[in-house]
Amino acid sequence: MKWEPVIGLEIHVHLKTRTKMFCRCELEYFAPENSRTCPVCLAHPGTLPVPNAKAIEMTILLGHSLGCQIAEQATFHRKHYFYPDLPKGYQISQYDEPLCVDGAFTLPTAEGDVPIGIVRAHLEEDAAKNVHMGGAAGRIAGADRTLVDFNRAGTPLVEIVTAPDIHSSEHAKRFLQLLRQTVVELGISDAEMEKGSLRFDVNVSVRPEGSDELRTRTELKNMNSFNFAAKGIEREVRRQVEIYESGGQVEQETLHFDPGNESAPPLRSKEEAQDYRYFPEPDLVPLEPAEELVGRLRGELPELPSERVRRLEAEVGFALAEGLVTSGRDELYSRIPGDRAAVANVVMNELAALGLEPSAVNAEELGKVIAARGEIPRGAFDEALAESASPGFTADRYVAEAAIADAAELDPVIDRILGANDSQVAAYRGGKEGLLGFFVGQVMRETQGKANPKVVNDRLREKLSG
């Protein structure tokens, strides 16, 4: 029997506001522990929450980018659970009346567009941060104690819930990458996984291929790497298939994926909505976004990353287009003149490896260097790339270092090298054609890297075949 994965995602995005969701504490990553707190976010008796208007606007803008309907009325609820990182014993969240509902996200792939339903995008406050001590890499696996930093408690957080419309680990990974780029470009979040401003949970089940049933799912909790998410999904799919094929039943539970051991020990039974005892937050009135606000934010929506992938695909093919967009380098690519495939390859490979700030690169001058790539020494080309983001960078000096391509100038050098290496020449003519690289290297060293490699190859082949 063939099995099909059924995957749904829950993505948590910290909003880039100045203050917390329901109080005026300033947000600052890596501030000294418990230094950004107040009676409201620490849940002292008698304190009252006040919603952050900027966070509401950011959530509406995100909802537009996900094709969601913006609710005329959204209600905050209390979601009850008891962990050390939740000072109130409940989280202010949204339940059955969220701010953004019924969206649709189009995932471009090489095989065509994959529609992914967005069930909801709701606004809530984040919990504090549990700091696991004594284990590997600060993860709960292997830790012997846990401390709590309340700086994060109350941070504005949007949770995006997809429909179970994803059917491969690769599509899940690509969706997450494209969604991250979307929220970054909207300016609503840094979405930096190492800081915890982007996290995601993965719900996984399997079913017989061709079926439309939804079987028992498990949840992989708090993942913070696209590659770990893909690996975790693949491992969980294999585990569930083995259970069904051995006659067992999958239990609904929450798992913790440990990337070091590629294992997923269970944390607890998976909760259902009734386990949280939701009820409307009595200290907050419902949100009723004004039509003018909703319309203005819709008008501020830029061209989305998924749309740009398809537009650039016609120029450079799907793989390069997707890479340019999800890495945020397509803006630089669009500014550099010249052959589109050549420019895209340089941007995604050599420039990316240098780690230059794309906005600082002199695109016009770099385009001249890329156009002359075949005529200038490799060393000069590499130096030009490294300097392309420096103030005052121009292509003139590098383009002027045109590689020696005149056969009349190269032939004496080649003849001298062949004459000094009789045994290698005989071996080459005896069938060891791999020695061509040896001769090319000798010529390049003799000319201090200034010879045109193509001309050197052609002249060597001609002389060695004589």
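Residues numbered from 1 in each chain as written. Predicted model: local features only at pLDDT ≥ 70, side-chain atom pairs only at ≥ 80, totals over all residues. Heavy atoms only, no water.

(A) Fine view of the side chain of Gln-240. Of note, Gln-240 is situated in helix α3 (residues 226-245). Beyond its immediate sequence surroundings of up to four residues, Gln-240 is in contact with Val-204, Ser-205, Val-206, Thr-216, Thr-218 and Val-250. (Helix = DSSP H or I, 4+ residues; strand = E, 2+ residues; numbered from the N terminus. Contact = heavy atoms within 4.5 Å.)

(B) Fine view of the pattern of salt bridges. Taken as a whole and judged by the stated rule, the model has 37 salt bridges. Where Glu-313 meets Arg-310, a salt bridge forms, and the shortest distance between an N and an O atom there is 2.7 Å. You can see Glu-313 and its partner Arg-310 sitting in helix α5 (residues 305-316), three residues apart, about one turn around the helix. Classification of Glu-313 by relative accessible area gives partly exposed; the value is 25%. For the salt bridge of Arg-335 with Glu-331, the shortest nitrogen-to-oxygen distance reads 3.0 Å. Of this pair, Arg-335 and Glu-331 are both found in helix α7 (residues 330-335), four residues apart, which corresponds to roughly one turn of the helix. Take Arg-335: its relative accessible area is 29%, and that puts it in the partly exposed class. (Salt bridge = Lys/Arg side-chain N within 4 Å of Asp/Glu carboxyl O. Buried < 20%, exposed > 50% of the residue type's maximum accessible area, 1.4 Å probe, protein only.)

(C) Main features of the layout of surface pockets. Taken as a whole, the second largest pocket holds about 210 Å³ of empty space. In this structure, the second largest pocket is lined by 20 residues; those nearest its centre are Val-40, Ala-43, Thr-47, Lys-88 and Tyr-90. Of the residues belonging to the lining of the second largest pocket, the class tally is 10 nonpolar, four polar and six charged. (1 Å grid on protein atoms, 1.4 Å probe; cavity = no way out; pocket = protein on both sides within 12 Å on 5 of 7 lines; lining within 4 Å. Points joined across faces, edges and corners; volume = space filled by probe spheres on them. Nonpolar A, V, L, I, M, F, W, Y, C, P; charged D, E, K, R; others polar.)

(D) Quick look at the packing of aromatic side chains. For the coordinates displayed, the defined rule picks out 11 aromatic pairs. Taking the centre distance of 5.5 Å and the plane angle of 10° together, the rings of Trp-3 and Tyr-244 count as stacked. Of this pair, Trp-3 sits in strand β1 (residues 3-14) while Tyr-244 sits in helix α3, placing them 241 residues apart in sequence. Considered together, Trp-3 and Tyr-244 belong to a single accessibility category, that of buried residues. Aromatic side chains Tyr-81 and Tyr-276 sit 5.9 Å apart centroid to centroid with 70° between the ring planes, which places their arrangement in the edge-to-face category. Of this pair, Tyr-81 sits in the loop between β3 (76-80) and β4 (90-94) while Tyr-276 sits in the loop between β13 (266-269) and β14 (279-280); the two residues are 195 residues apart in sequence, bridging distant segments of the chain. Like Tyr-81, the residue Tyr-276 is buried in the burial classification. Taking NZ or CZ as reference, Arg-215 lies 4.6 Å from the ring centre of Tyr-244, over its face. Here the basic side chain of Arg-340 rests over the ring of Tyr-333, its NZ or CZ set 4.3 Å away from the ring centre. (Phe/Tyr/Trp six-rings, centres within 6.5 Å; stacked < 30°, edge-to-face > 60°. Lys NZ or Arg CZ within 6 Å of the ring centre and 35° of its normal.)

(E) Fine view of empty space enclosed by the protein. Enumeration over the complete set of coordinates arrives at one cavity of 30 Å³ or more. In this model, the largest cavity occupies a volume close to 50 Å³. Lining the largest cavity are Cys-41, Leu-86, Pro-87, Lys-88, Tyr-90, Glu-125, Asp-126, Ala-127, Ala-153 and Gly-154. The residue makeup of the lining of the largest cavity, split by class, is six nonpolar, one polar and three charged.

(F) Just the environment of Arg-18, in detail. Its location among the elements puts Arg-18 in the loop between β1 and α1 (53-65). It is 65 Å that separates the C-alpha atoms of Arg-18 and Glu-433, two residues lying 415 residues apart in sequence. Discounting chain neighbours no more than four positions away, the residues touching Arg-18 are Arg-24, Cys-25, Glu-26 and Leu-27.

(G) Quick look at the sheet that holds β4. If you walk across this open sheet you meet the three strands as β4-β3-β14, and the pairing is antiparallel. The open sheet has two free edges, formed respectively by β4 and β14, since each of these has just one partner strand. Bridge count for β3 against β14 is two bridges, and the pairing is antiparallel. Directly across from Arg-78, in β14, lies its bridge partner Phe-279. (Pairing = 2+ DSSP bridges.)

(H) Spatial organisation of helix α10 (residues 378-387). Taken as a whole, α10 has its buried residues at Ala-380, Phe-381, Ala-384 and Leu-385. Projected down its long axis, α10 shows its buried positions confined to an angular sector of 140°, all on one face. Taken together, the buried residues of α10 touch α8 (340-354), α9 (363-371) and α11 (396-400). (Arc of directions from axis to C-beta.)

(I) Structural context of α9. Along α9, the positions that sit buried rather than exposed are Ala-363, Glu-365, Leu-366, Gly-367, Val-369 and Ile-370. Packing partners of the buried residues in α9 comprise α7, α8 and α10.

(J) Representation of the pairing of β1. A large share of β1 lies buried, amounting to 12 of its 12 residues. Note: β1 against strand β10 (residues 198-208), 11 bridges, orientation antiparallel. When the sheet's bridge partners are listed, Trp-3 is paired in β10 with Pro-208. In the sheet, β1 pairs with strand β9 (residues 156-162) via five bridges, with the strands oriented antiparallel. Counterpart to Glu-10 in the pairing with β9 is Val-161.

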